[in-house]
Amino acid sequence: MLNETDGSPINHNSIAVKVTGLTRAFGEFIAVDSIDLEVRRGEIFGFLGPNGAGKSTTIKMLCGLLAPSSGSGTVGGYDIATRSEDIKKNIGYMSQRFSLYDDLTVEENIRFFSGIYTIPAADRTARSEWVLEMAGLRERRSALTRELPGGFKQRLALGCAMLHKPDILFLDEPTSGVDPVSRRSFWDMISGMARAGTTVFVTTHYMDEADYCDRLALIYRGRIIAEGTPGELRQKHMQREVLEIETDRLVDALDVLGSNNIDSSIFGSVLHATVDDQMRAEQKIRERLSSAGITVTRIEKIVPSLEDVFVTLIESA
Amino acid sequence: MNDSAAIETTDLTRSFIDNPAVDHLNLRIRKGELFGLVGPDGAGKTTTMRLLAAILEPSAGDATVAGHSIRNDAESVKEKIGYMPQRFGLYEDLTVMENILFYADLYGVSRRERPPRIERLLGFSNLAPFKDRLAGKLSGGMKQKLGLACALVHTPEVLLLDEPTNGVDPVSRRDFWKILYGLLKEGITIFVSTAYLDEAERCMRVGLMHKGRIMMLDEPSAIKRSLPGSMIEFGARNARAAAGIVRAAPGVRSVSVYGDRLHVLLDDRAQAGHVRNALDVAGVGVLSEREILPSLEDVFISMVGK
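Residues numbered from 1 in each chain as written. Chains lettered and ligands numbered in written order. Predicted model: local features only at pLDDT ≥ 70, side-chain atom pairs only at ≥ 80, totals over all residues.

K.L.:
Describe the overall build of chain A, naming the residues involved and giving the relevant values.
P.N.:
Assigned secondary structure in chain A consists of 11 helices and 14 strands. Seen along its three principal axes, the alpha-carbon backbone of chain A occupies a region of about 80 × 45 × 40 Å. Across the 317 residues in chain A, those meeting the buried criterion constitute 45%. (Helix = DSSP H or I, 4+ residues; strand = E, 2+ residues; numbered from the N terminus. Buried ≥ 20, exposed ≤ 12 C-beta atoms within 10 Å, placed from the backbone.)

K.L.:
Please provide a residue-by-residue account of the sheet that holds strand β3 (residues 44–48) of chain A, values included.
P.N.:
Residues and elements named next belong to chain A. An order of β6-β7-β8-β3-β9-β10 is seen for the 6 strands of this open sheet, with the pairing classed as mixed. The sheet is open, and its two edges are formed by β6 (91–94) and β10 (223–228), each paired on a single side. Looking at each pair of strands side by side, their axes are set apart by 15 degrees on average, direction ignored. In this sheet, β10 lies alongside strand β9 (residues 215–220) in antiparallel orientation, the contact comprising 5 bridges. From the neighbouring strand, L216 faces β10, where its bridge partner is G228. Helix-sheet contacts for helix α5 (residues 150–161) involve β6 and β7 (168–172), and the interaxial angle to β6 is about 155 degrees. Contacts between helix α11 (residues 306–316) and the sheet are confined to β3, β9 and β10, with β9 contributing the most and set at about 35 degrees to the helix. (Pairing = 2+ DSSP bridges. Axes fitted to C-alpha atoms, helices over the stretch in contact; angles between N-to-C directions. Contact = placed C-beta atoms within 7 Å.)

K.L.:
How would you sum up the sheet that holds strand β5 (residues 78–79) of chain A? Please name residues and give values.
P.N.:
All names here are of chain A. Here 4 strands make up an open sheet; going across it, the order is β2-β1-β4-β5 and the pairing antiparallel. Taken across any chain shown, the strands that pair with only one partner, and hence form the sheet edges, are β2 (29–40) and β5. Across 2 bridges, strand β4 (residues 70–75) lies against β5 in antiparallel orientation. Paired with V75 across the two strands is Y78, which belongs to β5.

K.L.:
Any chance you could break down the packing of helix α5 (residues 140–151) of chain B against helix α6 (residues 170–185) of chain B for me, citing the residues and the numbers?
P.N.:
Residue and element names in this part refer to chain B. The contact between α5 and α6 brings their axes to 9 Å, and the two run at 15 degrees. In terms of orientation, α5 and α6 fall into the roughly parallel class. For the element pair α5 and α6, the recorded crossing hand is right-handed. Contacts between α5 and α6 involve G141, Q144, K145 and L148 from the former and S172, D175, F176 and I179 from the latter. Here the residues of the contact of α5 with α6 sort into 3 nonpolar, 3 polar and 2 charged. (Parallel < 35°, antiparallel > 145°, perpendicular 65-115°, else oblique. Left-handed = near helix turned anticlockwise from the far one by under 90°. Nonpolar A, V, L, I, M, F, W, Y, C, P; charged D, E, K, R; others polar.)

K.L.:
Hey, could you go over the interface of chain B and chain A for me, with residue numbers and the actual values?
P.N.:
With 43 residues of chain B in contact, the opposing surface of chain A contributes 41 residues. Elements that contribute at least two residues to the side of chain B that touches chain A include exactly α6, α7 (197–200), α8 (220–225), α9 (239–247), β13 (252–258) and α11 (296–304) of chain B. Per element, the largest residue contribution to the side of chain B that touches chain A is 8 residues, and it comes from α6(B). Of the residues assigned to the side of chain B that touches chain A, the class counts are 19 nonpolar, 12 polar and 12 charged.

K.L.:
Describe in detail the domain arrangement of chain B, supporting the description with residues and values.
P.N.:
Residues and elements named next belong to chain B. With domains assigned, chain B is organised as domain 1 (5–224) and domain 2 (227–304). A separation of 38 Å is found between the C-alpha centroids of domain 1 and domain 2. Across the contact, 10 residues belong to domain 1 and 10 residues belong to domain 2. Only α7, β10 (205–210), β11 (213–218) and α8 provide two or more residues apiece to the side of domain 1 that touches domain 2. When its residues are assigned to classes, the side of domain 1 that touches domain 2 shows 7 nonpolar, 1 polar and 2 charged. (Domains from an automatic or database assignment.)

In structure tokens form, the structure reads like this:
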């Protein structure tokens, strides 16, 4: 692959983040339980899991904000146990509650963060323009941050986290509460950064967003329970199958399936049922629905969503 | 499903200083329907919810909710609906049970009706084991369920939920939707707003709202089929680098990168060849190519623009 900005090759085999046996306990509670992770340079790596699964604790350890109880790792080549100051200089971090100053303008916020990241005075103007361009905020540079629409705030926060041009970017649920149009332009911005060689380590709740990532790891109760590209997760880890069922009576059909212990949900005008064995389940579904006087017009197997995969993995963990 | 309306709005409008937040809304929601109102921040979703909950007066137009006018009979509307705003007023220093009892008082649920009703609410929300826990000690997903239980304590006919799963993880979100399905069986009409289009696919019908207006209203599958042009998924080893090349190819309306795949919206299926050529010329190998159904998000973004 070529780097879009200067045409130089990006070495995808070099490693941006590597941890082995990483563990963090709080008293008796083991928040992160001996996890292994490897993130390649220039990759968008999605770190998924329900609330309280250990996502934020892991990110804090990787960013040098929290010492591991045991295990080891490197971020950008620096040891997380001994070189946390070097790590902090080489990473960008944006949390769900990013700390922009609402009563400063866009440009003043950028200037403020330039000070924090000790960007040399000679570079500040150029760096500020670069951030404004990347975030699509040129025309709004003098707007008060408080008055920016939600999606622009997110992009400003991301821009501020990139001011010192870090090699690795950690994003902790960056799109929480952001609307669809803004979310997509935010992901375009992230994708552009990855194309320019930045490694992006991102956590999200939203499974449709996980599809933007090159690779994913799913953490649950402090352990990694699955890992791979979105395609691999759909194929390898989805042992169950999803059937789409079209009937003449949606809610009644849902009720019948539910009382027969077939896990199903409404999707628009059809039902999706998660089953172990397509042949047997399909026969059972047809029988039960028809004996309840419900007409089945179609049953077919569909590609499971990442959310299907995720929920199935967690329920069987 | 009954074809009579649970909610019907007629040119419902609400302006804040000349600025219409909700602009001549005409909606008809059937009894027993699960309806999704979808749109970006500031589209007017919350204002619509508050109008339907009869806690905000319309500037013009009217709405009938559960048979009563929000303009002339707001009190009757309030008795017939359950409303869960984005920040539902749970008392964090009260237990789960105490919160439910508080709302039972507020809605004037009689002493005699309380025990069976509360038992059912605790049952379907899976909160029974936690009834003595302080609300402040519940997880985000459990707080949402408690909010829902409180909004249902007076057995409303219509349930209005304003972005109920915002910030809730996928497993809890599924649980929450299961609870909603259970309510549908009892004939309750559910009107839910969400900023998440994958979630909107679960609704029977969806209205896409933008700048105070409904731009499209239909079943999710019909909305997806309505997107003009053709969505092609290209698999490529270095998809991200290829995005710029594809954007410049003729007939390409938009490109999104998903890991090792590109979703390319073309004016016409026949133009896929141009994209393939452009990628070949640039030395980017195309591994796969197939037509896919656009997502609700694709439709939405193409309608409101970037």
